Amino acid sequence: MDVDTRLLRSFAVVAAEGNLTRAAERLFVSQPALTKQIRQLEARIGVTLFTRSRTGMTLTASGQALAGRSTALLDELDRVLRETKAVASRAARVLRVGFIASAANEATPLIVAGFTRRRPGWRAEMRQAAWSDPSAGLSGAEVDVALVRLPFPGQESLRVRTLFAEPRCVALADSHPLAAREVVPFRELWDEPFVAAPAETGAWRAYWLAVDERGGRPARIGAVTEQPDEWLSAIANGYGVALAPESTARFYARPGVTYRPLTGVGPSRVGVAWAPADDADPVVQDFVRCCQEACGETAAVPDAIG
């Protein structure tokens, strides 16, 4: 019997969470889509895996049997696929580097140049990810290492080192009344519509909406975007305002969009992340060292160890 591993991964997360909403956030899918996947898996293997109730999802005896083996099976499959992809990239002397938006800002060229000096003949292949994947491809083993914005969903299962922090600002349409202010208090944005990342990104979206700093008020969503160009267009056209790293004003300047300093929210942090399986990989660790050197953090320690 053939079983789609995507369905098995969805099952494992629901089994671990015991809650469809939390599982959907971890998987970056909608709750209806996740429900459909679980039903497809049950139909494929011919057994009921969960007892559903208002309080959550409880594993049946059959579900418990599958949950006891599925995690180890998926971990082994991930390891094999990661090793297979790594062998191909290593043979070509290519390090796949995922990144979100402006990566490590002005330090990015220094990081790449430092890696080239440290590893002559190697190439750091930069791969930009959509905001729907805040791990920049690392969670799916599409890259070997990633420059990411913290916090992001799933980082607890990865190795992460913080490289630097920068203030968050607000991006507004030029015509917005607050665009004339020198500094904008976040409290004055609580009732504004926001341009947000997809709902499936969970904690990532919540961070950039500053959900914890709204005094309990729910965020209003004016538009949902996945790429910088879409994001800028939505802001310029007045669909909403958005929080952004301070460096966005330098990397994503555009007519029609104004950036203003913000008070009442914490800073954004940039980090470098990799899989625990690559702790002893000399190429990945060389890139991490180059990140630390370029960002002035040669003595950094991991922030999260899964």
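Data block above holds the structure.
It should be emphasised that the depicted structure is a prediction, and the values quoted were computed from it without experimental measurement. (Residues numbered from 1 in each chain as written. Predicted model: local features only at pLDDT ≥ 70, side-chain atom pairs only at ≥ 80, totals over all residues. Heavy atoms only, no water.)

A.B. asks: Got a sec to walk through the sheet that holds strand β4 (residues 123-129)? Specific residues and values, please.
C.D. replies: The 5 strands are arranged β4-β3-β5-β13-β6 in an open sheet whose pairing can be described as mixed. With one partner strand each, in any of the chains shown, β4 and β6 (159-166) form the two edges of the open sheet. Each strand of the sheet is rotated relative to its neighbour by a mean of 25°, with strand direction disregarded. With 7 bridges connecting them, β6 and strand β13 (residues 268-274) associate as antiparallel partners. Within the sheet, the bridge partner assigned to Arg-159 lies in β13 and is Trp-274. Docked against the sheet, helix α9 (residues 282-294) engages β3 (94-100), β5 (145-150), β6 and β13, running at close to 160° with respect to β13. (Pairing = 2+ DSSP bridges. Helix = DSSP H or I, 4+ residues; strand = E, 2+ residues; numbered from the N terminus. Axes fitted to C-alpha atoms, helices over the stretch in contact; angles between N-to-C directions. Contact = heavy atoms within 4.5 Å.)

A.B. asks: So, helix α3 (residues 31-45): which residues are in play, and what are the values?
C.D. replies: Its 15 residues give α3 an end-to-end C-alpha distance of 22 Å, which sits within 8% of 21 Å, the value for a rise of 1.5 Å per residue. Taken together, the buried positions of α3 are occupied by Leu-34, Thr-35, Gln-37, Ile-38, Leu-41 and Glu-42. Down the axis of α3, the buried set is contained in an arc of 160°. They therefore lie on one face. For α3, exposure combined with an orientation more than 90 degrees from the buried face picks out Pro-32, Lys-36, Arg-39 and Ala-43. Just beyond α3, the residue with positive phi is Gly-46, at close to 80°. (Expected span 1.5 Å × (residues − 1). Buried < 20%, exposed > 50% of the residue type's maximum accessible area, 1.4 Å probe, protein only. Arc of directions from axis to C-beta.)

A.B. asks: Talk me through the pattern of salt bridges; I want residue IDs and the actual numbers.
C.D. replies: Per the stated rule, a full pass over the model turns up 15 salt bridges. We note a salt bridge from Arg-6 to Asp-4, for which the minimum N-O separation is 3.8 Å. The closest approach of N and O atoms between Arg-22 and Glu-17, which form a salt bridge, is 3.2 Å. The network of salt bridges with shared partners includes Arg-119, Asp-286 and Arg-289. (Salt bridge = Lys/Arg side-chain N within 4 Å of Asp/Glu carboxyl O.)

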